[in-house]
Amino acid sequence: MVLLVLLSLAWITVRDYHQALAEAQRSDQSLARALDENATRAFVSVEQAMQNIAEDLDRLGGVTHADEYLMHLSLKDKVRLTPQIRGIITIGPDGVIHSHGLEYPARHINLSDRAYFHYHSQTNSTAPFISEPILSRTDGKWLIALTRRINTPQGEFGGVLLSGMEPTYFLRFYESLDLAPGVTINLLRSDGVVLVNYPYDESRLATNVRQNDTLLFEQMRLRRHSTERVQFANGREQLLTFNVNQAGLPLIITVSHDLDVILAPFKEQTITRILVAMGLMAVVSLLLYILLRQIRHLEQVEGRLFLTQHTVDESPDLTLWCDQSGLIRYANKSMASHSGYSRQELNHQHFVDLFTELTDLNWLDYWHALQEQKQLTVDTPLQTSNGDKLAMELTLSLIKYQREAYICCTARDISERRQAEQELRQHRDQLHEMVQERTTEIRTVLDASPLAIMLTMNGVVRLVNPAFELLFGYASSDIIGTETGQLFSSADKYDELRQRIWSRIATGGVFRGETELYRRDHSPFWAMIYAKALVAGDMSKGMIAVIEDITSQRIAAQSLRQSERLNRTIIDQTADGFLLIDADHRIREVNQSFTRLLGYQREALIGLNPKSIWGDTCTQFFPDDLMDLALQEHTTKDIELLDQHHKIRPFLINSGVVLDEQENIEYAYAFFTDIAQLKEIERRLVDAKEVAENANLAKSSFLANMSHELRTPMHAILSFSEMGLAKTGKLDGPETNHLNRYYERINASGKRLLLLLNDLLDMSRLEANKMSYDKGQHSLQVITRQAIAEMGSLIAGKQLQIEFQEGEQELITVFDKARITQVIVNLLSNAIKFSANHSRIEIQTLPVALLDDGSPAIGLEVRDHGPGIPDNELETIFDKFIQSSRVRLGGGTGLGLAISRQIMLDHGGHIAARNHLQGGAVFTILLPITLPTA
């Protein structure tokens, strides 16, 4: 028995020794392949970034023939889009820097002594050249120079294009891999020059490791992918993995693993086994007895395992088990049948050999992700033995068995689903072409500002718009050339305001303030003035002012203050019942209407708990935890209660809480509105509503079906008016000028009417449920940029600044691209309409948001710096044919926001408006998150 234990110990020790070395070798080889793929992507993306610039320089005839500023902008854009590049420069044939992507103008530093410059000046090849790491002469930091020769049209040397790659880009990637202790990484050029090393040692950059052992280096380079045990000069033995770039780049990845570190767990386990073996011999007799008892239990477990194994083998789903390196350890019959390989052949392949569109780096990412997540779903094709590819949906799960971790992969054939998606994409493209035609028509609509605009120079009016004429009652011919002071009640007030305006806008700021102005008929009104200097610091160049009539807002604000004073006395005299309880649910106060409606006496109610009167019914308006009432939205509830005579009476109950200074609940209150008569009226209204909805649906269906008949005459009117404009534009004479004006008015009126018809028809299709959607996976940032470009003429016309905060995360979900673009265009159109000239519009993505039902969403916010929206209109502006009271001229149809809300509802999303604390309106749209498919 002792000999058996010793032999077992020796066999296990030898086995674990070889397993430790084999596992380290597999891990290092997988790591080397992943690092090689990362380096390939990094260098190829840099080459692609340089390609367009090099072609432009070749076409221009060399570096010195390019405009320095335009080249700076092009280089700067490439640097922004390529994170591994610190900077791109162009070098003239004399070796002097011509343009720089990080600075303008560029410092003219001479680089003719650099090795890459000598190489390109003597070699006619335009292939990219990887230089050894060098210290930059512009910022003193290390960089890896990837260069390319620029030729003149005659084939002569025209300069060098250089991209400086960040060594820290690779180091950040290596640090993110959570490498095992004792692992050293080198990214080498094919001749052995060190480009990047990890752990980072600046003194080893640009050294040549080939010189250490030339014969070993060349042997491993010729084998391309190999692992060797190497004895270094310091006496330490290491496992060296050598990987030559698979994409043909002159790059080599080496991974060195300290053998002492690799075998440290093995040595600890060996010592532990020796100690255990000594104890084992002392208790072996007891274990034999226990073993006999466990044999029967194991036989039962093996029986169940056999049934489980049989079930998995015969399952129609494709199943694989893979270890950490991606080596397939098990495959069922369905996997063998679909792949065309035998189960024995599958057990000698890697996961990425079957799913060829995935890489070793992807596999490592999945392995790390499954340490935290329970399951992952991936769409990728399965490559069969005969080269065919089958679309598959993979479900990956992490399974631990006998102290080993595996990834269980279950695959399902999704070829039919992919075919359906292809058909949907074709249908989407057809609809996109139709939307493009309609978009061209919308782009021709001219913008008309609803706010009064005035341009003044040296206190004299130089320009006004139609809204100004309407607001002040002056014709432009009467007001232009006159003193600005005539709009004010006195010269002193004008001088005071003028000084305040110029003190604010002289340095480029924007003035915003209220003042009292006078119309031509001497009637006063209050106005909000937005002013900005045309040239900052130069008063002689004049200023532009946007004027908004805010008389109604001031009256409304004054009325609100009066209303608040009245509300303090109205409770006792209101016809609604009022009930007040404290934090302990004891009744503290009721009004006379409450006792009249329910028949209770006030003295009998004070101090009671409402539950003692109505039981659990009262929890609907006074929950057990009153903080729930504070957290929920302010709503009313339709509840039936028993009065003192046990008669059921219907009430509309509105409840809320009163908080103290520490945000703790002090009281809760409820208003009881007797709705017995309203219930009867409601029943009658429901009947009338059904009749009206049927009539409205018939109207909407009629308009939706008559869309072609309604548009056809409008297109004819527009076509003939454009023909008339084309012909009269070629003729001279007073009559021709009159005809030209008539045609222009017909054309402009026709376009406005066509816009109105389009909005009406869209609304009718939505009401008739005839609006079709082509939903697909799209980026919210991409369609926002398209909407901004579509509104470019309106933005430029008012000289507005668009600030689009896209965020680092690409927001992708499922929606109809054309309809959501229509929603964003509507929001941008409103923002432009209510924005003063030279102001800005802020657009911000919302990567994390929640819908009303608590489901996750992404979204977008559009904020203008206009007058905002009255609080009582924040919801009504989404109704059909309703516009904000702030609209004066050019208000549109009043259907844009109603259409936008219906589109968002059809997508399961949300749209809302609010006022920003610092001024202006904010519109928010939210779309539910739908997991993207591969």
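Here the structure is a predicted model, which means the values were calculated and not measured. (Residues numbered from 1 in each chain as written. Predicted model: local features only at pLDDT ≥ 70, side-chain atom pairs only at ≥ 80, totals over all residues. Heavy atoms only, no water.)

Draft legend 1. Quick peek at the overall build of the protein. In terms of helices and strands, the protein carries 26 helices and 33 strands. Taken over 934 residues, the protein has a buried fraction of 43%. Long-range contacts, defined here as pairs at least 24 residues apart, represent 55% of the contacts in the protein between residues at least 6 apart. Accessible surface for the protein amounts to roughly 50700 Å². Of this, 54% is attributable to carbon and sulfur atoms. (Helix = DSSP H or I, 4+ residues; strand = E, 2+ residues; numbered from the N terminus. Buried < 20%, exposed > 50% of the residue type's maximum accessible area, 1.4 Å probe, protein only. Contact = heavy atoms within 4.5 Å. Areas by Shrake-Rupley, 256 points an atom, 1.4 Å probe, with all protein chains shown as cover.)

Draft legend 2. Inspection of the state of the cysteines at higher detail. Counting across every chain of the model gives zero disulfides. Cysteine C322 is unpaired, with the sulfur of C409 as its nearest cysteine sulfur at 6.8 Å. (Disulfide = S-S within 2.5 Å.)

Draft legend 3. Broad picture of the packing of aromatic side chains. For the coordinates displayed, the defined rule picks out 24 aromatic pairs. Here the aromatic rings of Y69 and Y104 are separated by 5.1 Å at their centres, their planes lie at 70°, and the arrangement is edge-to-face. With a gap of 35 residues between them, Y69 in helix α2 (residues 68-81) and Y104 in the loop between β2 (97-100) and α3 (115-122) connect regions that are remote in the sequence. Judged by its relative accessible area of 39%, Y69 falls in the partly exposed class. Each member of the aromatic cluster is reached from another via a ring pair, and the members are F594, W614, F621, F622, F651 and F672. The cationic tip of R554 hangs over the ring face of W526; the distance from NZ or CZ to the ring centre is 3.7 Å. (Phe/Tyr/Trp six-rings, centres within 6.5 Å; stacked < 30°, edge-to-face > 60°. Lys NZ or Arg CZ within 6 Å of the ring centre and 35° of its normal.)

Draft legend 4. Representation of the environment of N740 within the structure. Looking at the secondary structure, you find N740 in helix α22 (residues 734-767). Judged by its relative accessible area of 19%, N740 is buried. A sequence separation of 16 residues divides N740 from G724, and the C-alpha atoms of the two residues are 7.4 Å apart.

Draft legend 5. Geometry of the packing of helix α23 (residues 780-790) against helix α25 (residues 817-833). For the pair α23 and α25, the least separation of the axes is 9 Å and the interaxial angle reads 50°. Looking at the two axes, α23 sits oblique to α25. In terms of crossing hand, the pair formed by α23 and α25 is right-handed. On the side of α23, the interface is formed by I783, T784, Q786, A787, I788 and E790, while α25 contributes K817, I820, T821, I824, V825 and L828. Residue classes in the contact of α23 with α25 are distributed as seven nonpolar, three polar and two charged. (Axes fitted to C-alpha atoms, helices over the stretch in contact; angles between N-to-C directions. Parallel < 35°, antiparallel > 145°, perpendicular 65-115°, else oblique. Left-handed = near helix turned anticlockwise from the far one by under 90°. Nonpolar A, V, L, I, M, F, W, Y, C, P; charged D, E, K, R; others polar.)

Draft legend 6. Here's a closer look at helix α26 (residues 896-906). For α26, the tally of buried residues reaches eight of eleven residues, placing the bulk of the element in the interior. Listing the buried residues of α26 in full gives G896, L897, A898, I899, S900, R901, I903 and M904. One or two positions beyond α26, positive phi appears at G908, with a value near 75°.

Draft legend 7. Quick peek at empty space enclosed by the protein. A complete count under the given rule lists one cavity of 30 Å³ or more for this structure. What lines the largest cavity is a set of 19 residues, among which T456, T484, Y494, I501 and M543 lie closest to the centre. Broken down by secondary-structure element, the contributors of at least two residues to the lining of the largest cavity are β17 (452-457), α14 (491-505) and β21 (543-549). Top element by residues in the lining of the largest cavity is α14. It accounts for five residues. Its residues assigned to classes, the lining of the largest cavity comprises 14 nonpolar, four polar and one charged. (1 Å grid on protein atoms, 1.4 Å probe; cavity = no way out; pocket = protein on both sides within 12 Å on 5 of 7 lines; lining within 4 Å. Points joined across faces, edges and corners; volume = space filled by probe spheres on them.)

Draft legend 8. Up close: the layout of surface pockets. Taken as a whole, the second largest pocket encloses approximately 1500 Å³ of empty space. If you go around the second largest pocket, you meet 37 residues; those closest to its centre are Q19, A20, E23, A24 and Q324. Among the elements of the structure, α1 (2-60), α6 (259-314), α10 (360-370) and β16 (404-413) are those that each provide at least two residues to the lining of the second largest pocket. Here the lining of the second largest pocket takes twelve residues from α1, the largest share from any one element. Split by residue class, the lining of the second largest pocket holds 17 nonpolar, nine polar and eleven charged.

Draft legend 9. Spatial organisation of the pattern of salt bridges. The final tally for this structure, using the stated rule, is 33 salt bridges. D616 is the salt-bridge partner of K611, the closest N and O atoms lying 4.0 Å from each other. For K611, a relative accessible area of 32% gives the class partly exposed. Each of D582, D584, R586 and R588 takes part in salt bridges that share partners, so that together they form one network. (Salt bridge = Lys/Arg side-chain N within 4 Å of Asp/Glu carboxyl O.)

Draft legend 10. Seen up close, unusual backbone geometry. In this chain, Y104 is followed by P105 through a cis amide linkage whose omega measures -5°. One non-glycine residue, H522, adopts positive backbone phi at about 70°. Note on placement: H522 falls in the loop between β19 (510-518) and β20 (524-533). Of note in the backbone geometry, H585 takes a positive phi value of approximately 65° without being a glycine. Mapped onto the secondary structure, H585 falls in the loop between β22 (577-582) and β23 (587-590).

Draft legend 11. Structural detail: the sheet that holds β21. Taken in spatial order, the five strands of this open sheet run β18-β17-β21-β20-β19, and their pairing is antiparallel. Among the strands making up the open sheet, the edge pair consists of β18 (460-464) and β19. Taking the axes of each pair of neighbouring strands and ignoring which way they run, one obtains an average angle of 30° across the sheet. Taken together, the seven bridges between β20 and β21 define a ladder with antiparallel strand orientation. Across the sheet, A533 pairs through a bridge with M543, a residue of β21. On top of the sheet, α14 reaches β19, β20 and β21; it is set at about 165° to β19, its chief contact. (Pairing = 2+ DSSP bridges.)

Draft legend 12. The arrangement of the sheet that holds strand β31 (residues 856-863) in detail. Spatial strand order, β28-β30-β31-β33-β32: five strands in an open sheet with mixed pairing. Looking at the sheet topology across the chains shown, the edges are occupied by β28 (801-805) and β32 (910-915). Averaged over all adjacent pairs, the angle separating strand axes in this sheet is 20°, with direction ignored. Here strand β30 (residues 840-850) runs beside β31; their pairing, made up of seven bridges, is antiparallel. Bridging across to β31, I843 finds its partner in V862.

Draft legend 13. Fine view of the nonpolar core. Of all hydrophobic cores here, the largest spans 43 residues; its most connected members are L35, F43, F170, Y174 and L187. In terms of residues, this core owes the most to one element, α1, which gives 13 residues. Among residues more than four places away in sequence, those in contact with F43 are I130, I144, L146, M165, F170, L187, L195, L249 and L251. Counting residues in hydrophobic clusters, the runner-up holds 39 residues, among them L780, I841, I843 and M904. (Core = buried A, V, L, I, M, F, W, Y, C linked by side-chain atoms within 4.5 Å.)

Draft legend 14. A look at the side chain of S900. One can find S900 in helix α26. The exposure class assigned to S900 is buried, which follows from its relative accessible area of 0%. Beyond its immediate sequence surroundings of up to four residues, S900 is in contact with V823, N826 and I911.

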